[in-house]
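Inside the fold
Residue-level listing of the chains:
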Amino acid sequence: MSDIGAPAGLGTALGDTAALIGRHLRHLRRTPEKVIAITLTPVTMVIVLGYLFASVVTVTGSGEYHDYVMAGVFAQVGLTCVGVAALGVAADLRTGLIDRFRSLPMGRATVLVGHTAADLLTTATATGAVALAGLGVGWRIHKDLGSAALGFVLVLAFAYAMLWLGALIGMVLSNAEAINGISALFLVALSFLSNSFMPLTGLPGWLRAVAEWNPVSLVAGACRELWGNAPAVVGDSLPDRHPVLLAVIVVAGLLAVLIPVDLRIYRTAVTR
């Protein structure tokens, strides 16, 4: 199995990637619970937070609570990708599917790229479902179409980074029970130690700094800025003043680190 830049050429690599994406999507038709796993939790959060908490939670300097919380729910969609990708990659390694791919003239990177790209399409579908649920509870975007689109691009870029993180976990752990435990830890810790559902004003100074630099907080804050959902009163910390710039830098940094690390570990996993 060659690298993606091997003599087979870029066109062949893209063709192999497209074939693997098609395989994953056909498999998805037989296992629709994968889409449900990505979609159900954030859609439930939209309904619970939008209807039950909106009347009792007030965000200082903001409009409606559901305008504030939706960006955090979209970021949560990205976090659910960790477990989905980890379980999928671990299953492929455990069942010997990767060994069959090794006998084919395709690049090593192609397998992971195809896997994460197919999962990203699934995540985009889930993101659309969450957006529809948000519109149903009263969420609205108050900026122009370009800013709105950039917000969704950022959400999907963050989700893509989380898919590569999930693939890494799946290759390292391979045990489904361990993967489920780690994925749940990521989902709970990064969701609630962030500004996804509440402002961070009540946290102690050191904990607030940690939460402000949480990638989930950065992505949620950037989306609020891009969608016109940000509170009128913001803090004076760097993440509060420049959420979009910092979110783009952090997401790009995650991808720049995770993709090469994943590919290196994958090469080791398929040759041992």
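Since we're looking at a predicted model, the values are computed, not measured.

A few words now on the overall build of the protein. Helix and strand counts for the protein come out as 11 helices and zero strands. Its helices and strands in sequence order give the protein the pattern α-α-α-α-α-α-α-α-α-α-α, from N to C terminus. Within the protein, residue pairs in contact and separated by at least 24 positions form 83% of the contacts whose partners lie at least 6 positions apart. Of the accessible surface of the protein, which amounts to about 12,500 Å², a share of 68% is contributed by carbon and sulfur atoms.

Attention shifts here to the pattern of salt bridges. In total, this model carries one salt bridge according to the counting rule given. Notably, a salt bridge pairs Glu-212 with Arg-208, separated by 3.1 Å at the nearest N-O pair. One end of the pair, Glu-212, and the other, Arg-208, are both in helix 8 (residues 205–212), four residues apart, so they sit about a helical turn from each other. Residue classification places Arg-208 among the partly exposed positions, given a relative accessible area of 25%.

Let us now look at the confidence of the model for the protein. When pLDDT is low, close inspection of the predicted coordinates is not appropriate. Per-residue pLDDT for the protein averages 83, and the proportion of residues at 70 or more is 82%. Segment residues 1–8 is flagged for pLDDT under 50; beyond a separation of four residues in sequence, or across chains, it makes 18 contacts in the model.

We now examine the nonpolar core. Counting residues in each nonpolar core, the largest one holds 64 residues, and the members touching the most others are Val-73, Phe-74, Val-130, Met-162 and Trp-227. Ranked by residue count, the leading element in this core is helix 3 (residues 65–95), at 17 residues. Discounting chain neighbours no more than four positions away, the residues touching Met-162 are Gly-78, Leu-79, Cys-81, Val-82 and Leu-254.

The subject of this paragraph is the environment of Thr-122. Considering the arrangement of structural elements, one finds Thr-122 in helix 5 (residues 108–137). Separated by 41 residues in sequence, Thr-122 and Cys-81 place their C-alpha atoms 9.6 Å apart.

Two residues of an α-helix separated by three or four positions point the same way, owing to the 3.6 residues in each turn. For helix 7 (residues 176–192), spanning 17 residues, the distance from its first C-alpha to its last is 24 Å, which sits close to the expected 24 Å at 1.5 Å a residue. Those residues of helix 7 that are buried are in contact with helix 3 and helix 6 (145–173). At the N-terminal end of helix 7, a side-chain oxygen is found 3.0 Å from the backbone nitrogen of Glu-177, two or three residues along, and the residue is Asn-175.

A few words on the packing of helix 3 against helix 9 (residues 215–227). Look at helix 3 against helix 9: their axes get within 8 Å of each other, and the N-to-C directions meet at 135°. As judged from the angle between their axes, helix 3 and helix 9 are oblique. Crossing geometry of helix 3 relative to helix 9 is assigned as right-handed. From helix 3, Tyr-68, Ala-71, Gly-72, Phe-74, Ala-75 and Leu-79 reach across to helix 9, where they touch Val-216, Val-219, Ala-220, Cys-223, Arg-224 and Trp-227. In terms of residue class, the contact of helix 3 with helix 9 is made up of 10 nonpolar, one polar and one charged.

Take the environment of Leu-154 next. For Leu-154, the position within the fold is in helix 6. A relative accessible area of 7% places Leu-154 in the buried class. Aside from chain neighbours lying at most four places away, what touches Leu-154 is Val-219, Ala-222, Cys-223, Ala-247 and Val-251.

Criteria and thresholds
Residues numbered from 1 in each chain as written. Predicted model: local features only at pLDDT ≥ 70, side-chain atom pairs only at ≥ 80, totals over all residues. Heavy atoms only, no water. Helix = DSSP H or I, 4+ residues; strand = E, 2+ residues; numbered from the N terminus. Contact = heavy atoms within 4.5 Å. Areas by Shrake-Rupley, 256 points an atom, 1.4 Å probe, with all protein chains shown as cover. Salt bridge = Lys/Arg side-chain N within 4 Å of Asp/Glu carboxyl O. Buried < 20%, exposed > 50% of the residue type's maximum accessible area, 1.4 Å probe, protein only. pLDDT = per-residue confidence, 0-100. Core = buried A, V, L, I, M, F, W, Y, C linked by side-chain atoms within 4.5 Å. Expected span 1.5 Å × (residues − 1). Polar contact = N/O pair within 3.5 Å; in protein donor to acceptor, adjacent residues only side chain to side chain. Axes fitted to C-alpha atoms, helices over the stretch in contact; angles between N-to-C directions. Parallel < 35°, antiparallel > 145°, perpendicular 65-115°, else oblique. Left-handed = near helix turned anticlockwise from the far one by under 90°. Nonpolar A, V, L, I, M, F, W, Y, C, P; charged D, E, K, R; others polar.

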